[in-house]
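Here's the letter readout for the chains.
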Amino acid sequence: MSIFSLDFAQSLETQEKQSESKLRQSLVYKPDDFEVWLELIKEVEKYSSPEKNKSIYQEFLEEFPQYYPVWRKLAEAYNALEDYEMVACTYEEGLKYLPVSVDLWLHYCIWKASRGPQEEARSLYQKAVAACGKVYNSSVLWDKYLDFEKSLKNYQNMEMVFSALMTFPTNKLYEYYTRFKNFLDQFGREILDYQTPEEYDQARKLKLEEIISNYEKAVIENNKRKPFEQSIKRSNFNPKPVDQEQLVNWRKYCEFEENEGEDLRIKLLYERCIVALCYYDEFWIRYARYLEKTQGVETAREVYQRGNKHFLFRKPYLFVSQGYFEELHGNTEEAKKLYKHVYEKVAPGLLNAVLKHINLERRNSNFTEVENLYQKALEVAENEGKPETIALIASHYGRFYQNIMKNPNKAIEVFESALEKAPGEKSLYLILVNAYKNSDRTQEITNVYEKAIWSTELPQRAKVEFWVGYIDFVRSTCEDKEKLREAEENFRLNFHHEDLLIEEFKKASGIKRMQRSASYEYPEPIKQQQLI
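On a predicted model such as this, the values are computed, not experimentally measured, just so you know.

1. Here's the deal with the overall build of the protein
Along the protein, the regular secondary structure elements total 28 helices and 0 strands. Taking all 532 residues of the protein together, the buried fraction comes to 44%.

2. Here we look at the confidence of the model for the protein
Chain-level statistics for the protein give a pLDDT mean of 88 and a share of 89% at 70 or above. Low confidence marks residues 497-501, where pLDDT is under 50. Its contacts with residues over four positions away, or in another chain, come to 17 contacts.

3. Quick word on a negative patch on the surface
Judged by side-chain charge, Asp 193, Glu 198, Glu 199 and Asp 201 come together as a negatively charged surface patch. Following the sequence through the fold, Glu 198 ends up in helix α11 (residues 197-231). The exposed category is assigned to Glu 198, whose relative accessible area is 57%.

4. Digging into the nonpolar core
Counting residues in each nonpolar core, the largest one holds 103 residues, and the members touching the most others are Phe 60, Leu 141, Leu 165 and Met 166. If we skip the residues at most four places from it in the chain, Met 166 touches Leu 173, Tyr 176, Tyr 177, Phe 180, Ile 211, Asn 214, Tyr 215 and Ala 218. The next biggest cluster of nonpolar side chains, apart from the first, holds 58 residues, and it includes Ile 393, Leu 419, Leu 428 and Ala 462.

5. Examining the packing of aromatic side chains
Per the counting criterion, the structure on display carries 42 aromatic pairs. Plain terms: the ring middles of Tyr 174 and Tyr 177 are 6.3 Å apart, the flat faces sit at 45 degrees to each other, and that makes the pair tilted. Of this pair, Tyr 174 and Tyr 177 both sit in helix α10 (residues 173-191), 3 residues apart, roughly one helical turn. Where Tyr 270 meets Tyr 287, the ring centres are 5.2 Å apart and the plane angle is 15 degrees; that geometry is what we call stacked.

Calculation criteria
Residues numbered from 1 in each chain as written. Predicted model: local features only at pLDDT ≥ 70, side-chain atom pairs only at ≥ 80, totals over all residues. Heavy atoms only, no water. Helix = DSSP H or I, 4+ residues; strand = E, 2+ residues; numbered from the N terminus. Buried < 20%, exposed > 50% of the residue type's maximum accessible area, 1.4 Å probe, protein only. pLDDT = per-residue confidence, 0-100. Contact = heavy atoms within 4.5 Å. Patch = residues over 30% accessible without salt bridge, like charges linked within 9 Å, V, L, I, M, F, W, Y side chains within 5 Å. Areas by Shrake-Rupley, 256 points an atom, 1.4 Å probe, with all protein chains shown as cover. Salt bridge = Lys/Arg side-chain N within 4 Å of Asp/Glu carboxyl O. Lys, Arg positive; Asp, Glu negative; His and termini not counted. Charge placed at Lys NZ, Arg CZ, Asp CG, Glu CD. Core = buried A, V, L, I, M, F, W, Y, C linked by side-chain atoms within 4.5 Å. Phe/Tyr/Trp six-rings, centres within 6.5 Å; stacked < 30°, edge-to-face > 60°.

Encoded structure:
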């Protein structure tokens, strides 16, 4: 090799290492970036090293065990290293995560047939079709199984496979029906039980009638499912979202199978759902609920644990759902752990998980812990500068004091404190007004309205709405005519009708027309109700 060729090779290797390093750095900040992982695999594969390939595949599968092509790649890497025991272990491990993956079963069977004894290969094919043979698009697996038996000239087994294929819907049902009849014509004398030509004719006739009968039943079931199957655009894992049409199709398909009531088909469909739509926790929850109804709490719990441990460990909402599931079944300590895991680690500060935990403590009358959790949540929201979150937490916290602790004054303290921290949140003013109304504190109500009206934090539209509420409140409670006149005059001066009374406000306040006129001293609805 010339020195120029050597320099070029070294330069290329340096570039590859730099590209790999850059991609790995990206994964430090976003470890679940699927596309970056795929790019990294491509970079590492350029080294043409089975050892390096094996290592990167294992890293990838720690993050995405639901992606079957990399399980296959890992098995091929072990095969290249002639570690055949690990090839089998890889396929077996992958099938723990993807038990109905037709493609993974298919490649496992092909590999086994190329190396193992015939009986082991046949046993694996039988295991494969038992696991996923009723998946609608499993024809590639059945085809290989038929080819395997044909290569061994085992026509009895081929007849059993064809017979099985006549009993359920597949995407190649008619083709299998035609092939079965042709197979019967070609090899009928070798597979049918007969002694004389007459007995053969009779046996063939009976077999053909059985084939036709089973096929006709399968066609009916096939036609029910075909529209759903034809609408599925994605069968394997992909982190990208699917469109609404796809979600609706999957939902309707699941509902259909549940109504049909065949347990195996229902579970097969849900197993497909939680791969193709892995990041849609609603399908995990539906699957768990179905299993809870049909097989009990423990089986349902296994689905939640499987999803959270292996597939959605960076996503919060299935953890939250499992927490609620555990609470419903009396496992409150586990529920607390799950909620805390979410808002402390998976999605720090996630309000949904915090409120679920608070409500759990409230239902168990742990009121001191409820107060601590609310206060911590408010601190986190304040430190993160999230006024809308402060308002939401305060509304829940205040209602806790109002409805559970029967302490309206403490509730008002919570609302007042929250308003100081989030003065631009309209909902807090409204909540505080209602709290004061319930306590008959007229002056405080007036103060809140005035604070809202002259706020520099609220948008103009919100201030107009508070003016309307303020005027209505003054009219219904004030006994001082001069004070009422002063309030209406301030309203007229600060919110002149044509400039600021927007269409929505006109509708809300009952104003039908607003025209400038020297004879109008006040906006029309105010003039009509003015005290004289």
